Amino acid sequence: MARMKFLCDADRCIECNACVTACKNENEVPWGINRRRVVTLNDGKPGERSVSMACMHCTDAPCAAVCPVSCILSTDEGVVLHSKDLCIGCGYCFYACPFGAPQYPQLGNFGSRGKMDKCTYCAGGGGTEVPGSIEEYRKYGANRLLEGKLPLCAEMCSTKSLLAGDSEIIAQIYKERVLTRGYGSGAWGWRTAYRESIAI
Amino acid sequence: MLIKREQVERRRGSLAGALPGSTSGGLDRRSFLRRSGLAAGGLAALGTFSPGMLRTTQAGPPPTPGVPVERRKNICTHCSVGCTVTAEVQNGVWIGQEPSWDSPINRGSHCSKGASVRELVHGDRRVKYPMKLVDGNWTRISWDMAIDEIGNTLAAIREKSGPDSVYWLGSTKFSNEAGYLFRKFVAFWGTNNVDCQARICHSTTVAGVANTWGYGAMTNSFNDIRRSKTLLIMGGNPAEAHPVSLQHLLEGKELNRANFIVIDPRMTRTAAHANDYVRIRPGTDIAAIWGMLWHIFQNGWEDKEFISQRVYGMDETRKEVAKWTPDEVERVTGIPGEQLRRVAEKFAKDRPSTLIWAMGQTQHTVGTANVRASCTLLLATGNVGGFGNGANIFRGHDNVQGTTDLGLDVTSLPLYYGLDEGAWRHWCRVWGVDYAWVQSRFASKQLMEAPGIAAPRWFDATMLAKSSIGQSDNLRAMMVFGHNGNTITRMPEAVKGIEALELLVIVDTVPTNWSSVSQRKNGTYLLPCGTQFESSGSRTNSNRALQWYDQVVQPIFESKEDQEIVYLFAKKLGVADQLCKNIAVETNRPLPEDLLREINRGGWSTGYSGQSPERLKRQRDHQGDFDLVSLRAKDGPCAGEYYGLPWPCWGTPDLNHPGTAILYNNHLHVKDGGGAFRARFGVERNGATLLAEGSYPLGSDIKDGYPEFTMAVLKKLGWDSELTTPEMTVIREVGGNNIDAVSWSTDLSGGIQRVALAHGCIPYGNAKARAVAWNLPDPVPVHREPIYTPRPDLVAKYPTLPDATQLRVPNIGFTVQKAAVDQKVANRFPLILTSGRLVDYEGGGDETRANIWLAELRQDMFVEISPADAQARGISNGSWVWVTGAENSSKARVKALVTERVGKGVAFMPFHFSGWFQGVDQRDRFPQGIDPYVLGEAVNSITTYGYDPVTNMPESKVTLCQITAI
Amino acid sequence: MSALSTRLRHALGTLVLLGIIASAVPASAQQAAPPPPAQSSQSSPLIDPDALAVNEQTLLGDFSRVEGSILIPNTRERVLIQPAGRLWDYFHEVLLRPIALIVIFGMVALLAIAYLAMGRLRISAGRSGKRMQRFSAFERFSHWLTATSFIVLALTGLNITFGKVALRPLIGPDAFSTVSQYAKYIHNYVSFAFVAGLVLIAAMWMKQNIPRKMDITWLKEGGGLIGSKHPTAGRFNAGQKMIFWFVVGAGAAAAISGYLLIFPFYVTNIAGMQVAQVVHSLLAAAFVAVILAHIYIGTLGMEGAFEAMGTGSVDFNWAKQHHRAWVEEEVAKGHLPQPTLSATPAE
């Protein structure tokens, strides 16, 4: 079975934020929740690179390990999903996440967190809702994987910088790109998320 | 209630099993690879992707079960790349966007704007119904009342001050059809005061490029850049302004290991991906280009054969270039000689080379000259009219090319026919109306043939003394369709102009800053129009390709389509019957198909004649057949055609011309989209021929240069006998008693074009491009310092052009520059202020700042300032600062962004913001509930005087400012 | 072999803690990036952004995390990669539970040994029948406010760490989430009561808990366990003072680290929050252990001790035995022991 991953080719990323608005559009994500974001390093200087980041759907996902109520789990495709019915909004997944993926709607007048929200790889949610149902959509967003589609952020990436799909295929795509053009700043986050990098 | 977690886990683990038949009809390997962001290529050896739990269904957000989901193709409304937008619609509601894999332009991709266009239709900050200001309060009115009241006021102004006192400011967001209808309607109103954003965008490009080699447009295409070995981007930031184009640029760069060079005052997001970045002082492009040419001529790197065959006047240019030694170039531009030499060498030697530009070259007092210098560089190195080279001019809005072509321009009727009597008679024949009647609508024949007032000068025309304006009275009314006021320089004066108007009508999807910036109390109307997603028609992208788009949803709230609004005004003003004589109208909506057919019947000059709605719709349905690089369909019903039938698409639609993907390309037969430089400026000058010598399109019967085709030329060649009887009948009708004068551009039968093409000849002639444009103020471009320059010491040597009257109003740039130098303005305002685009917003920005998904990304107006300048002023990153301007005691309260992106002495502000003015938040002036989410100061409240002498393009790229900490 | 690997892991765990703490002082990639500033373009005309491209490995080699800039105003989103998350995960999932178990059950074991070895400490002179007022009603209120809120905090806190292994299998995921959800709210809100009690206790007793000379003797004699005679003590003996200072100090630290977590990003960044959570959880374990001992001494371990906080008064003999100096001070002030109402008058 395919192992789904994200790969951001920073040498292609132009910080256009299409991934961000595509995510908002597809999943009707409210203001203040950033399932995906683009971080720019060395902003304004030679060597500037931007990286689009969301939940990387880690191998041995630390968020899942630390969750005090075990509401996070990995699917057979390696997609890390969670159940908002079980989540208690404690914030532990945020401390553990190497990529700042978990988001919390702010409830109440002090920092009390609501149910955690994060990138679902456009694969619905980890609750009991029927996959692809309107109930699942309202709680978690789209279930594109079920329809044979990949996350919209990657599908709509303006420069094909953000890749999603079977890890072997996207690693191969990246490898070929680097060989063709002769440079590559690396598969950002792969070492931390998947404990591997792409050998060129 | 208590469901055991284990049950859930079990269900998830065996999800595939829970969906019978899930593996069949799933994602096949090819589409998987495509979705993974790849054209298959070398991956064939990879194992097959097993679809696992995948299943194919139709929608994004889950649709209501049992109700069909329709897919409709539209085009992104934002920039000119022309990305296809695929919308999923159910029950008349736009429920999702899907990637448009088949489009050879965007291949599924979007930028942040394109990926969020659904919100433009869904957003609740839209103008919902007609409104007018009553004693300072926005009051809801009906459409009938609005049209009636506005129509009566217009008629009264016409009676009192003449038709020229009403300004019709159109929009580059119009479809081709709506733009054409608007232009035609304004002709029937009786004025040439009609313009659009093209004026402040690429008017100087159009003037400069057309005066060099014939047509004022991008010569090649986004896709063709994939063939380039050197990409020089000078005065453009496509990573932010045209993000999807970067897909082609970066892939081209990678596949060819091409040189990717950026010359810009800012280390832009585009420059971040360059392999050579050159920092330049804003406003010194000509000096930099001549500096490159100095190296090229010095080392003999120029393409001598190309110059001798296809270029006129290069020797005169050499004389000017010789003055630009590396030392002088460095003194003026700040570019080290060694670096410029390297760039020049790469550009001249690693061919094909393309030069890409946008507003960085055009929005200057020397805009036209900048553009012409760029053209000269391309000509000298033989980099025009071939694969992978050319002037790749990235236009701004999604239909700025189309609306430019269709004459939303104070200097021309549709398709560059100009304003002389011949042009008017041509279009009257097409329209089927009497020339005398049209003339009677104008104040005089003289004003009918005199270019109107350029849009950036409208408020001068409102406030200057009557005697200094080239028409009978001042402007009294502004009819503003889809055009934001903050896009024009000198806003403090524009605000006074708005207040001086008798009537202000704003037709837009969002209120725009016209509605909020002034203290108007009455005489102001706000009419809701739909976005292009609520409309259908065709649009022309930057590479001249026409795409048909379908209505996604009906206009929401009380919005109406642009052409319906134009028609309603025409009806009220009594010209509707003439306006739509040959056009079907369904409940006040002129049919776009009929409008395009009329454009086809009259658009010979620019080859808008072959793109029938049927051909465009067929391409829309077979987008996937077109090649990524050549843009040509290999098979399928569109086989042989280029994507979008890029103009010129010669002859009638029946002729099946494939369109012209690359202009002036003599490596192809004209029937395959080949061409040559246009014979537009005569055949001879000062004893030297202006026609090409020994260069001609592939397979031409004439193996040399030739003038444009007329009946006289056909007769001389003996080819007139090939015209059919019906063609001859039409030619006789057009020509009357002088059929020899009937030309390829006035022959309504298309016969002359057909015969020329049959002989492998290009209808407009085969000439040389002009390095010397003797009809322009500087026939050979000359560096001239900006009006407000940080280098007053250079003004004596490089002064701006003398004062003159242009486009009905005086241009006193010289006086202003002299005063600025005399008063030592540069001492008080030591920083250069330049401006540009951001990726998240577009144009005036109100529409995008009212889009909640985009607004979240950029919540504050800012000014970029270098660390050195910030430190000297005690400014920290993220703090509030005042930016003060050199005119009108202008000031703006913005956040400081301290960054090395700008060099020392340069500050940068984005456009797109408005809603604050001179430090005051004007949110409460917007009609209630439809104020954009994000407001901020407009950069144009700081910008200053300065206009290009040819087109009156305002100088929004170089002025002076001071920045102080708050 | 497995013992060795356990020890290695524990050593590693120490490194983890150090690592997390070290990462609290990060540098953004921007601040210390290698490429030369713009001015140097004057001397070296070649600006090749491609060749200078930033690289994840270099950045992570130089700094503990990768941080850049972002368009949205939300500063927390500027952190791109923070591998410390994995370290924190390791601390929380691998180290914390054994440490907490050792600390808590270690204390329970010690107390059991003490009980078995010494039994209940009796009032050596027997009950006198006379009572001395030891704690006012307000003092007792403050103590019990702190005590009850602490117990609630301890239980709800233990649930976060141990619930999913101890409770969840028993009651199922949904019920456990519901319980934990309420537990979280209770934990967050009861913390204010705990802090209020803590403030009262500190204000009331701080002065009397300043160490005195006799405390040294008391400690030397192990509070009477070493040697035959019972050392003297003021109102609070050295043991109680140690408890007091532990409660005030650790309570304040637990409160501060807890509020850093309740108000995320108000004060600290992600690294600070990780450290705060580590501090909070380790302190909590120690706190529970210490309070267990406190409860033991106050109830099962010593005859006559509970009455002090229960009724406010103690037996005169108990007071003389444990707090002779205090009794002398009280008597000198004229606060004489009162006969119990129910007891037969001595005369």
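Computed from a predicted model, the values in this text were never measured in an experiment.

Asker: How do you make sense of the packing of aromatic side chains when you look at a structure like this?
Answerer: The geometry of an aromatic ring pair comes down to the distance between the two centres and the angle between the two planes. Under the criterion given, the structure shown has 56 aromatic pairs over all chains. Consider the rings of Trp31 of chain A and Tyr933 of chain B, whose centres lie 6.4 Å apart with planes at 40°: the pair is tilted. On the criterion of chain membership, the pair formed by Trp31 of chain A in the loop between α1 (18-27) and β2 (37-41) and Tyr933 of chain B in the loop between β32 (920-921) and β33 (936-937) is interchain, its members lying in two chains. A relative accessible area of 21% places Tyr933 of chain B in the partly exposed class. Note on Trp650 of chain B and Trp744 of chain B: the rings are 5.9 Å apart at their centroids and 75° apart in plane angle, and the pair reads as edge-to-face. With Trp650 of chain B in the loop between α26 (613-621) and β21 (684-685) and Trp744 of chain B in the loop between α28 (725-735) and α29 (751-758), this pair connects stretches of sequence that are 94 residues apart. Each member of the pair Trp650 of chain B and Trp744 of chain B is classed as buried. An aromatic cluster is defined as three or more aromatic residues linked by ring pairs; in this entry it consists of Trp168, Phe174, Phe182, Phe185, Trp189, Phe481 and Phe569 of chain B.

Asker: Help me understand the sheet that holds strand β31 (residues 915-917) of chain B, please; the structure alone is not making it clear to me.
Answerer: Note: strands within a sheet are paired through backbone hydrogen bonds, in either parallel or antiparallel orientation. All names here are of chain B. Across the sheet, three strands lie side by side as β32-β31-β33; this open sheet has mixed pairing. Every other strand in the sheet has two partners, leaving β32 and β33 as the edge strands with one partner each. Pairing of β31 with β33 involves two bridges; the strand directions are parallel. For Trp916, the partnering residue across the bridge sits in β33 and is Glu937.

Asker: Could you clarify how one ought to interpret the packing of helix α7 (residues 213-220) of chain C against helix α8 (residues 238-262) of chain C in this entry?
Answerer: In a pair of packed helices, the angle between the axes and the distance between the axes together describe the arrangement. All names here are of chain C. Where α7 meets α8, the axes come as close as 9 Å, and the angle between the chain directions of the two elements is 105°. Here α7 is positioned roughly perpendicular relative to α8, judged by the angle of their axes. Residues Asp215, Trp218 and Leu219 of α7 lie in contact with α8, whose contacting residues are Ala238, Gly239, Lys241 and Met242. Counted by class, the contact of α7 with α8 contains four nonpolar, one polar and two charged residues.

Asker: Would you take a moment to explain the environment of Ala344 of chain B for this structure?
Answerer: All names here are of chain B. With respect to the helices and strands, Ala344 occurs in helix α14 (residues 337-349). Taking the relative accessible area as the measure of exposure, Ala344 reaches 0% and is therefore buried. Considering only alpha carbons, one finds Ala344 and Trp301, 43 residues apart in sequence, at a separation of 9.0 Å. Other than its neighbours up to four places away in sequence, Ala344 contacts Met292, His295, Ile296 and Trp301.

Asker: When you look at the interface of chain C and chain A in this model, what are you seeing that I'm missing?
Answerer: It is common to give the size of an interface as the accessible area that goes away when the parts come together. If you look at the interface, chain C gives 58 residues, while chain A gives 58 residues. Sorting the residues of chain C by area buried against chain A places Val54, Leu80 and Arg86 of chain C first, and these three jointly supply 16% of that buried surface. Taken together, the connections running from chain C to chain A amount to one salt bridge. In this structure, Glu77 of chain C and Arg37 of chain A form a salt bridge, with 3.3 Å as the shortest nitrogen-oxygen distance.

Asker: Any chance you could explain the confidence of the model for chain C here in plain terms?
Answerer: Low pLDDT means the predicted atomic positions in that stretch should not be read closely. All names here are of chain C. On average, residues of chain C score 82 in pLDDT, and 83% of them reach the 70 mark or higher. Between residues 24-44, whose pLDDT stays under 50, and residues either more than four places distant or in other chains, the model counts 32 contacts. Scored below 50 in pLDDT, residues 343-347 shows zero contacts in the model against residues more than four places distant or in partner chains. Prediction confidence for the complex, expressed as pTM and ipTM, is 0.90 and 0.96 respectively.

Reading the values: rules and limits
- Residue indices begin from 1 for each chain and proceed along its sequence in written order.
- Each chain gets a letter, beginning with A, and each ligand a number, beginning with 1, in the order they are written.
- Reporting in this predicted model follows two pLDDT cut-offs: at least 70 for local features of residues, and 80 or more for side-chain atom pairs to be given and counted; totals over whole chains, interfaces and linings ignore these cut-offs and use all residues.
- The side-chain values count all of the structure's non-hydrogen atoms but skip hydrogen atoms and water molecules.
- Each Phe, Tyr or Trp ring, with Trp reduced to its six-membered ring, pairs with another whose centre is within 6.5 Å; inter-plane angles below 30 degrees give stacked pairs, above 60 give edge-to-face pairs, and intermediate values give tilted ones.
- Where helices and strands are cited, they refer to DSSP runs of H or I of at least four residues and of E of at least two residues respectively, numbered from the N terminus.
- The classification of residues rests on relative accessible area computed with a 1.4 Å probe and restricted to protein chains. Under 20% of the type maximum is buried, over 50% is exposed, and intermediate values are partly exposed.
- In this description, strands pair whenever DSSP reports at least two bridges between them.
- Helix axes are fitted to C-alpha atoms over the stretch in contact, other axes to C-alpha atoms as well, and angles between N-to-C directions run from 0 to 180 degrees.
- When describing relative orientation, an angle under 35 degrees is termed roughly parallel and one over 145 degrees roughly antiparallel, while 65 to 115 degrees is termed roughly perpendicular and anything else oblique.
- Two residues qualify as a contact provided that any one of their heavy atoms is within 4.5 Å of a heavy atom in the partner residue.
- Residues are sorted three ways: Asp, Glu, Lys and Arg are charged, Ala, Val, Leu, Ile, Met, Phe, Trp, Tyr, Cys and Pro are nonpolar, and all the rest, Gly among them, are polar.
- Accessible area, probed at 1.4 Å, shrinks when two parts are joined; the buried area is that loss added up over both.
- One side-chain nitrogen of Lys or Arg within 4 Å of one carboxyl oxygen of Asp or Glu is enough to make a salt bridge.
- pLDDT gives the predictor's per-residue confidence on a scale running from 0 to 100.

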